[in-house]
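Fold and contact review
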Amino acid sequence: MRADAVRTRKALLDAAAEMFAVQGADVSVAEIADRAGIGKGTVFRHFATKEDLIAAIVGDLLDDLTAAAAGRRDAADPTAALREFMTYGADRLAGNQALCDVASGSVRHPDVRTGVTRLTEAVQALVDKAHLRPDVTGQDVVLLMTGMHQAAAPLRDTEPEPWRRYLGILFDGLLRQH
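Residues numbered from 1 in each chain as written. Predicted model: local features only at pLDDT ≥ 70, side-chain atom pairs only at ≥ 80, totals over all residues. Heavy atoms only, no water.

Side note on the overall build of the protein
Put simply, the rule reads: Under the DSSP-based scheme used, a helix requires at least four consecutive residues in state H or I and a strand at least two consecutive residues in state E, with every element numbered from the N terminus. The cut-offs for exposure are 20% and 50% of the maximum accessible area for each residue type, with area from a 1.4 Å probe on protein chains only; residues under the lower value are buried, those over the upper are exposed, and the others partly exposed. The criterion used for residue contact is that any of the two residues' heavy atoms lie within 4.5 Å. Per-residue and other accessible areas were derived by the Shrake-Rupley procedure at a 1.4 Å probe size, with only the shown protein chains allowed to occlude residues. In this tally, Lys and Arg are treated as positive and Asp and Glu as negative; His is ignored, and so are the chain termini. Lys charges are placed at NZ, Arg charges at CZ, Asp charges at CG and Glu charges at CD.
Regarding its fold elements, the protein presents 9 helices and 0 strands. By its C-alpha atoms, the protein is 60 × 35 × 25 Å across when sized along the principal axes. A burial count over the protein gives 42% of its 178 residues as buried. Contacts spanning at least 24 positions in sequence make up 68% of the contacts within the protein whose residues lie at least 6 apart. Approximately 9,200 Å² of the protein is accessible, and the part contributed by carbon and sulfur atoms is 51%. A gap of 3 Å separates the mean positions of the 21 positive and 25 negative side-chain charges of the protein.

Rendered as structure tokens:
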């Protein structure tokens, strides 16, 4: 790529990442183009569809969450490892509405679906070892982490991290009762 094309692509990706994080996957290509200081046609020269752009933005985030889950798979205390992962994941989700949209399945791009599947499988490996209710799945955990962010959203301006409290409540509900 020419140097100006590289700069344009970087501006596009930076603007898209920022806007998707705040507004979610529903932000328009026109708004992203405007924020990047480029035309809509330029966006589509770099990415054939808006979902291709979303996939480019959230792919690294999904990979990061998958690595975070996989890195905790062999922890000495699997229940604590799952809680650590959920805290890390919820923190990442709290700052990124598009990642919540992706994790909840509203983005159907094949690369995104593959990334969510890998994430769910990595979380399932943690769930399988943790001391949880027997009906809890990796998919449940991923969706519940997304739900914490959604439930906390109305309080974001007055209470920046209510999801931390919600995580405690949620995690207690996941634990196997004696």
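Anyway, onward from the coordinates.
Examining the nonpolar core
Test applied: Remark: nonpolar core denotes a set of buried residues (Ala, Val, Leu, Ile, Met, Phe, Trp, Tyr, Cys) joined through side-chain atoms within 4.5 Å.
Ranked by internal contacts, the top residues of the largest apolar core, which has 54 residues, are Phe 20, Ile 32, Leu 53, Leu 82, Phe 85, Met 86 and Val 141. Those elements that provide at least two residues to this core are α1 (3-23), α2 (29-36), α4 (50-70), α5 (78-94), α6 (97-103), α7 (110-129), α8 (138-152) and α9 (162-174). Sort the elements by how many residues they give to this core and α4 lands first, with 10 residues.

Structural notes on the packing of α5 against α7
What counts is decided by this rule: Each axis is a line fitted through C-alpha atoms, taken for helices only over the stretch in contact, and angles between the N-to-C directions span 0 to 180 degrees. Crossing chirality is assigned from the near helix's rotation relative to the far helix, an anticlockwise turn below a right angle marking it left-handed and a clockwise turn marking it right-handed. Here the nonpolar group is Ala, Val, Leu, Ile, Met, Phe, Trp, Tyr, Cys and Pro; Asp, Glu, Lys and Arg are the charged ones; every other residue, Gly included, is treated as polar.
Two elements in contact, α5 and α7, have axes whose closest approach is 7 Å; the angle formed by their N-to-C orientations is 145 degrees. In this structure, α5 crosses over α7, and the sense of that crossing is left-handed. Residues Pro 78, Leu 82 and Phe 85 of α5 pack against Leu 119, Val 123, Leu 126, Val 127 and Lys 129 of α7. Of the residues contributing to the contact of α5 with α7, the split by class is 7 nonpolar, no polar and 1 charged.

Topic: the environment of Asp 101
In this structure, Asp 101 sits in helix α6. By relative accessible area, which is 13% here, Asp 101 ends up buried. Separated by 77 residues in sequence, Asp 101 and Gly 24 place their C-alpha atoms 6.5 Å apart.

Section: the side chain of Thr 120
Counting through the fold element by element, Thr 120 comes out in helix α7. Classification of Thr 120 as buried rests on a relative accessible area of 19%. With sequence-adjacent residues up to four places away left out, Thr 120 is seen in contact with Gly 138, Gln 139 and Val 142.

As for α8
What counts is decided by this rule: One fewer than the residue count of a helix, multiplied by 1.5 Å, yields its expected span. Relevant arc is that of directions from the helix axis to the C-beta atoms, nothing else.
Along its 15 residues, α8 runs 22 Å from first to last C-alpha, staying within 8% of the 21 Å computed at 1.5 Å per residue. Looking only at α8, the buried set comprises Gly 138, Val 141, Val 142, Met 145, Thr 146, Met 148, His 149 and Ala 152. Taken around the axis of α8, the buried residues stretch over an arc of 145 degrees, which confines them to a single face.

Things to note about the pattern of salt bridges
Note the threshold: Counted as salt bridges are all cases of a side-chain nitrogen of Lys or Arg within 4 Å of a carboxyl oxygen of Asp or Glu.
The final tally for this structure, using the stated rule, is 8 salt bridges. Note that Asp 4 is salt-bridged to Arg 2, the shortest N-O span being 2.7 Å. The class of Asp 4 is partly exposed, set by a relative accessible area of 32%. The partner of Asp 63 in a salt bridge is Arg 118, and the shortest N-O contact between them spans 2.9 Å. With Asp 63 in helix α4 and Arg 118 in helix α7, this residue pair connects regions lying 55 residues apart in the sequence. When its relative accessible area of 36% is taken as the criterion, Asp 63 is described as partly exposed. Since its relative accessible area comes to 38%, Arg 118 is described here as partly exposed.

As for α7
In this model, α7 (20 residues) spans 29 Å end to end at C-alpha, consistent with the 28 Å of a helix rising 1.5 Å per residue. Looking at α7, one finds that the buried residues are Val 112, Gly 115, Val 116, Leu 119, Thr 120, Ala 122, Val 123, Ala 125, Leu 126 and Val 127.

All we've got here are geometric facts, nothing functional implied.
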